[in-house]
Amino acid sequence: MRILILLFLSYTSLLWGQQPEIAFEIKPNSIAAGDSAQLSWQVKNADLVYISSVGKVSLSGRIKISPDNSTTYTLIAESEAGIIRKTVSLEVKGTRGDQDFPKSDEFKFKNAYQLSAPSFVLLLDHVHHLLQNMLGFQVSESYDRHTGQEKFVTRLSIKPELKQRTEGAIRARRIAYLVEINEFSASARKYPCTIHALIQYQRRAENRWRPEGDENIHTHEIKKLHELINKAFDQK
Amino acid sequence: MTKSASMSKSHNRTWLIVVWFFFFLASGAIILILYLRQWIEQDNFLAAFKQWSALYAPYIGAITLFFWGTAKKEDDSKTIASKGAFYLALVCSVIWNVVILLLLAHAFLWNGSIEESMKNMIEVAALLSWLVAGSIGYYFANKRPA
């Protein structure tokens, strides 16, 4: 009985405690391709704030955005009381550039890890910064309510280092990553994470990109990305 | 008909068939080399092989037919092609074959792709078909009384 009372008290204290309050909007919510919209937000009772496709931001602010395609932006506010999300969507009429991000079922090789991070928002910001700014990928972010996973998918990008000099018959290889970070299972600041890689190759006299079947190349690249994520945390 | 005139006519036809078979085999060899060097995979190899075969079949078939068919009739001196018709057929054949070979060689020598080469070959072959078909037809059909 005491345990139940304690549980109830701790639950109510969480509810009445420092739950973040979020005001998050986008204006206008529909633009033509090439135009821009403004994201604005104000968050109270939060320690850290992250906006998908933008990165870690201050508690309040505004930013101009001009995405190539329709995008859903998720604001994640983290405090001791937990994590709260709010999403806004921007419709882009007409599109610019290549639309295709690889679909989840195209990724055949993956490795699971436990990532240590001081907070969920900092971890997301690290992964976002690493994929987009350091490795130069175009990144799409989404949140799966059912699994509680934050997903980062990159576009396929040609990486010269994936082609060895001895491989005369290969013109190029390209790679895309899918990084899934689970918030629900987080315990002691350890976040379950799955890194998927999709590598394709192009033969020297072909246009067609074909899926790379060699598991070792995928595993090597997955490990490299995992090391980079960990290294970024070590440096900070 | 004199023996030398008959030999010259036979010689001309042989030249024409040699030109066609040379380019036919050369372009086939390029496709085979691309495959053996693993610059293309089996699906593209088979597709290219089919296209190559379909592209040359009407001309090689017709020329071979004319060659053997008219060779049998040579003794009775019913058909004698003029020099002008021969050179027209030869020049048009060389132009058609060189263009096709260059388009195919693009995938091999200039960092092109077999898909692009095949697409361009079909387009160009269709555009130039009237030229080569007409000139070859005229050469073999050109008759004058003995």
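Residues numbered from 1 in each chain as written. Chains lettered and ligands numbered in written order. Predicted model: local features only at pLDDT ≥ 70, side-chain atom pairs only at ≥ 80, totals over all residues.

## Focus on the sheet that holds strand β2 (residues 30–32) of chain A
Hydrogen bonding along the main chain pairs the strands of a sheet, whether they run parallel or antiparallel. All names here are of chain A. Ordered in space as β2-β8-β7-β4-β5, the five strands form an open sheet in which the pairing is mixed. Among the strands making up the open sheet, the edge pair consists of β2 and β5 (55–57). Within this sheet the neighbouring strands show an average axis-to-axis angle of 30°, counted without direction. Note: strand β7 (residues 71–79) against strand β8 (residues 82–93), nine bridges, orientation antiparallel. (Pairing = 2+ DSSP bridges. Helix = DSSP H or I, 4+ residues; strand = E, 2+ residues; numbered from the N terminus. Axes fitted to C-alpha atoms, helices over the stretch in contact; angles between N-to-C directions.)

## Thoughts on helix α2 (residues 120–134) of chain A
All names here are of chain A. For α2, spanning 15 residues, the distance from its first C-alpha to its last is 20 Å, which sits close to the expected 21 Å at 1.5 Å a residue. Every buried residue of α2 is listed here: Phe-120, Val-121, Leu-123, Leu-124, Asp-125, His-126, Val-127, His-128, Leu-130 and Leu-131. Among the residues trailing α2, Gly-136 stands out with phi positive, at a value near 75°. (Expected span 1.5 Å × (residues − 1). Buried ≥ 20, exposed ≤ 12 C-beta atoms within 10 Å, placed from the backbone.)

## Considering the interface of chain A and chain B
With seven residues of chain A in contact, the opposing surface of chain B contributes 13 residues. Residue classes in the side of chain A that touches chain B are distributed as two nonpolar, one polar and four charged. (Contact = placed C-beta atoms within 7 Å. Nonpolar A, V, L, I, M, F, W, Y, C, P; charged D, E, K, R; others polar.)

## Considering the sheet that holds strand β6 (residues 60–65) of chain A
Residue and element names in this part refer to chain A. Across the sheet, which stays open at both edges, the three strands sit in the order β1-β3-β6 with antiparallel pairing between neighbours. Single-partner strands in this sheet number two, and they are β1 (21–27) and β6. If you compare each strand with its neighbour and ignore which way they point, the axes differ by 10° on average. Judged from the seven bridges that link them, β1 and strand β3 (residues 37–44) form a sheet pairing that is antiparallel. Across the sheet, the residue bridging to Glu-21 is Lys-44, located in β3.

## Remarks on unusual backbone geometry
With an omega of -10°, the peptide bond running from Lys-27 of chain A to Pro-28 of chain A counts as cis. Position of Pro-28 of chain A among the secondary structure elements: in the loop between β1 and β2. The phi angle at Ser-53 of chain A is positive, at roughly 70°, despite the residue not being glycine. Its place among the elements puts Ser-53 of chain A in the loop between β4 (48–51) and β5. Of the residues examined, Ser-53 of chain A has 18 C-beta atoms within 10 Å and is grouped as partly exposed. Positive phi, close to 60°, is recorded for Asn-111 of chain B, a residue that is not glycine. Note that Asn-111 of chain B resides in the loop between α3 (83–109) and α4 (114–141).

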